[in-house]
Amino acid sequence: MPATPRQARTRRAPLRTALAATLLLVVTACSSGGADSGGGSSAVEADSAGAAADVGSAEQAADGSSVAESAAEPGAAAAREIVTTGRATVVADDPAAAATKLARLVEQAGGRVERRSETAATDDSAGSASLTVRLPSDRMTGAVEALDTLGTVESVDMDSTDVTGEGQDLDARIAALTTSTDRLRDLMKAAGSTEDLLQVEQELSERQADLDALTAQRQRLSDQVAMSTLDVEIVPEPVAAAQSRGGFLGGLASGWGALVTTIQTVVLVLGVLLPWLALGGLGYLGYRWLRGRARPGAGDDPSDGPDDDADGPDSPRPAAPDEAPEPVPAGR
């Protein structure tokens, strides 16, 4: 079948791009071989322009040829890059055991557990668990269906994002920067002076840093495409069912919970106040002791003799039996 004009233009586009890149390499090599120190600077500038041309041609090739190939090839849809993420809630009688079973299933499917969190069971609750797992993209659907073996699946939310264009753009920029860094390495070998060498080396370091950053970004994107992410929350009972409990049993459970909470609060308050009460009691005893020491005449207690209260300091002392009273002169 003869080729249509559009197909002929599509086939000639890569040839024109390759011919332009070859001519640019020849011109750059000639300018770097026959120039002096000033020629080295112009070679670096020419290489910068060549890198820009490489990026432009790579982007045009990614935009134009990919569209043509997608329209021509029937299996092009299989090459699209899709990032899939999901969230699910599972109700299980024993969340810890269900989490262990899920981790084992993920490992058997070729995935891995990135995060795992568990809450221990208490008298009032059976505990809970949550996991973040990474699975191969082609096994994501099977993993979601296998959640039924853990318990009752309450909710599932899946999200898919097409990142094909972003991946093609990164590939084109990486290819252009790789060509540019290779050309700069050739210029370093042909540098005629130290100044030219330092200039080329600085330019090479900047482009190599950009290339490394783009490569790391591409690797992260490829990992997200290859391994899907699934967040699973495992609870002992649905939240709506826990809130809808009523009647006598519901009131009894609420009253018991309130009583336990009150007792815990009282014990907590007593625990906080007990050290302060002990300190206050010691302070009061110290105050009483100091007050007793500071009272005047503490050694002469009036209660030592009963006659001291009746006889004051001005009352006459009774005469001794051996002493006679002095005679009083007459006429006085």
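As shown above, the structure is provided for reference.
Residues numbered from 1 in each chain as written. Predicted model: local features only at pLDDT ≥ 70, side-chain atom pairs only at ≥ 80, totals over all residues. Heavy atoms only, no water.

Student: Residues and numbers for the environment of A97, please.
Tutor: Its place among the elements puts A97 in helix α3 (residues 95–108). Sequence separation between A97 and A129 is 32 residues; the distance between their C-alpha atoms is 9.4 Å. (Helix = DSSP H or I, 4+ residues; strand = E, 2+ residues; numbered from the N terminus.)

Student: Explain the sheet that holds strand β2 (residues 112–119) residue by residue, including any values.
Tutor: Reading across the sheet, the five strands line up as β2-β3-β5-β1-β4 and stay open at both edges, with mixed pairing between neighbours. Each edge of the open sheet is held by one strand with a lone partner, namely β2 and β4 (152–162). The average angle at which neighbouring strand axes cross in this sheet is 10°, direction not considered. For strand β3 (residues 128–136) and strand β5 (residues 227–235), the ladder comprises eight bridges, and the chain directions are antiparallel. Of the residues in β5, the one forming a bridge with A129 is I234. Relative to β5, helix α6 (residues 194–226) is tilted by about 55°, and along the sheet it contacts β1 (82–91), β2, β3 and β5. (Pairing = 2+ DSSP bridges. Axes fitted to C-alpha atoms, helices over the stretch in contact; angles between N-to-C directions. Contact = heavy atoms within 4.5 Å.)

Student: Give a detailed account of the pattern of salt bridges, specifying residues and quantitative values.
Tutor: Where charged atoms from two side chains of opposite charge approach closely, those side chains can pair. Tallying each qualifying case throughout the model produces 11 salt bridges. Measuring nitrogen to oxygen at the nearest pair gives 2.7 Å for the salt bridge that ties D157 to R87. Taken together, the residues D157 in strand β4 and R87 in strand β1 connect sequence positions 70 residues apart. A relative accessible area of 37% places D157 in the partly exposed class. Taking the relative accessible area as the measure of exposure, R87 reaches 39% and is therefore partly exposed. Salt-bridge contacts for D169 lead to R173; the nearest nitrogen and oxygen are separated by 3.6 Å. Here D169 pairs with R173, and both are found in helix α5 (residues 164–189), just four residues apart, close to one helical turn. (Salt bridge = Lys/Arg side-chain N within 4 Å of Asp/Glu carboxyl O. Buried < 20%, exposed > 50% of the residue type's maximum accessible area, 1.4 Å probe, protein only.)

Student: Tell me about the nonpolar core, and name the residues and values.
Tutor: Formed by 20 residues in total, the largest nonpolar core has its most connected members in L102, L131, L135, L147, V232 and I234. Only β1, α3, β3, α4 (140–146) and β5 provide two or more residues apiece to this core. Element by element, the count of residues in this core is highest for α3, at five residues. Counting nine residues, the second largest nonpolar core, distinct from the first, contains V83, I174, L177 and L221. (Core = buried A, V, L, I, M, F, W, Y, C linked by side-chain atoms within 4.5 Å.)

Student: Which residues make up α3, and what are the values?
Tutor: Compared with an ideal rise of 1.5 Å per residue, which puts 14 residues at 20 Å, α3 spans 20 Å between its outermost C-alpha atoms and is within 8% of the ideal. Of all the residues in α3, the buried ones are P95, A98, A99, L102, A103 and V106. The arc that holds every buried residue of α3, seen down its axis, measures 140°, which confines them to one face. Exposed residues pointing more than 90 degrees away from the buried face of α3 are listed as E107 and Q108. Summarising the contacts, the buried residues of α3 are in contact with β2, β3 and β5. Once α3 finishes, G110 follows within two positions and takes phi at roughly 90°, a positive value. (Expected span 1.5 Å × (residues − 1). Arc of directions from axis to C-beta.)

Student: I'd like to hear about the side chain of R134, residue by residue, with values.
Tutor: Locating R134 in the fold gives a position in strand β3. Looking at R134, its side chain comes within polar contact range of the main-chain oxygen of M227, at 2.9 Å. One polar contact links R134 to T229, side chain to side chain, over a distance of 3.2 Å. When residues no more than four places from it in sequence are discounted, the contact partners of R134 are V106, G111, R112, E114, D223, Q224, M227, S228 and T229. (Polar contact = N/O pair within 3.5 Å; in protein donor to acceptor, adjacent residues only side chain to side chain.)

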